[in-house]
Amino acid sequence: MADEEEVQCRKELRRAAEARQRAAEEAGLPVARQVLWALFDHLDQSLAAAGCEHSMRLTQQFLASRSILPESVIPWLGRYGGYCDCEVLDNVEERWGRQ
């Protein structure tokens with residue numbers, strides 16, 4: 001059985017690896033985190049009022065209002081499970097929302 005020092009060392013190594021992975025993922029963000037958070041807020045308000053049409057209409061409108069090309073963001077959202085507006089809010093916000 002590993003002694004306490006070895007257990008702590010393994011935990012620190014795991015945390016460091018997770019931090020490196022997170023930093024690499026953050027470097028690949030297509031927009032600033034604040035823009036993502038604003039998108040999540042926009043979708044939260046819009047979907048509460050009208051519901052989801054199972055399209056990216058609201059996301060595309062938000063991006064257009066900020067002159068952001070959807071081609072640079074929509075595929076990235078899909079990698080995190082955001083294939084329609086409600087999935088962006090449910091899946092992508094879970095990973096990239098405010099913590």
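In this text, all values refer to a predicted model and were calculated from it rather than measured experimentally. (Residues numbered from 1 in each chain as written. Predicted model: local features only at pLDDT ≥ 70, side-chain atom pairs only at ≥ 80, totals over all residues. Heavy atoms only, no water.)

Structural notes on the confidence of the model for the chain
Of all residues in the chain, 97% attain a pLDDT of 70 or more, and the chain-wide mean is 92. When mean pLDDT is taken per element in the chain, helix H3 (residues 57–65) scores highest with 97 and helix H1 (residues 4–27) scores lowest with 87. (pLDDT = per-residue confidence, 0-100. Helix = DSSP H or I, 4+ residues; strand = E, 2+ residues; numbered from the N terminus.)

What to know about the nonpolar core
One recurring pattern in soluble globular proteins is that nonpolar side chains are buried together. In this structure, Phe40, Leu77 and Val88 are the most contacted members of the largest nonpolar core, which totals 22 residues. The set of elements that each furnish at least two residues to this core consists of helix H2 (33–50), H3, helix H4 (74–79) and helix H5 (85–96). Sorting elements by how many residues they give to this core places H2 first, with 6 residues. Beyond its immediate sequence surroundings of up to four residues, Leu77 is in contact with Leu39, Met56, Thr59, Gly82, Val88 and Val92. (Core = buried A, V, L, I, M, F, W, Y, C linked by side-chain atoms within 4.5 Å. Buried < 20%, exposed > 50% of the residue type's maximum accessible area, 1.4 Å probe, protein only. Contact = heavy atoms within 4.5 Å.)

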